[in-house]
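The chain contents come next:
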Amino acid sequence: MSDLFDNIEKKTNVKKEDIFKLADSVQGADFSDERTVRRLIANVARVANVTVTKEKEDRIVKAIVNKNIPLDFASIAKLFSQK
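Model, not experiment: these values are computed from the prediction. Residue indices begin from 1 for each chain and proceed along its sequence in written order. The predicted nature of this model means local features are confined to residues of pLDDT at least 70 and side-chain atom pairs, given and counted, to a pLDDT of 80 or more, with totals for whole chains, interfaces and linings taken over all residues. Processing note: side-chain calculations cover all non-hydrogen atoms of the structure and skip hydrogens and water entirely.

A. Expanded view of the pattern of salt bridges. Throughout this description, the term salt bridge denotes a Lys or Arg side-chain nitrogen within 4 Å of a carboxyl oxygen of Asp or Glu. All chains considered together, the criterion is met by four salt bridges. Across the salt bridge formed by Glu34 and Arg38, the nearest N and O atoms sit 3.0 Å from each other. Placement of the pair is Glu34 and Arg38 together in helix 3 (residues 34–48), with a separation of four residues, close to one helical turn. Here Asp58 and Arg38 are joined by a salt bridge, their closest N and O atoms 3.0 Å apart. Of this pair, Asp58 sits in helix 4 (residues 54–65) while Arg38 is found in helix 3, placing the two residues 20 residues apart along the sequence. A network of salt bridges, in which partner residues are shared, links Glu34, Arg38, Lys54, Glu57 and Asp58. What counts as a helix is a DSSP run of H or I of at least four residues, what counts as a strand is a run of E of at least two, and both are numbered from the N terminus.

Here's what the structure looks like:
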């Protein structure tokens, strides 16, 4: 398992400690609360060193709060990568 996170760290330049902290912050989060979702988006963007425009943030928040996407990292990552 450690090799998996080491590989992710090498490919993304995101420390595994940050991944664990982010995962902890998502557990038990109220995804129907817009403020919570916006905070999580800001944390993901900071950890991933990605700029999220206000428009993109609004789209992501709307999709999550309205339960229009599955709440897994792959789906959320896909939203971050959309232009």
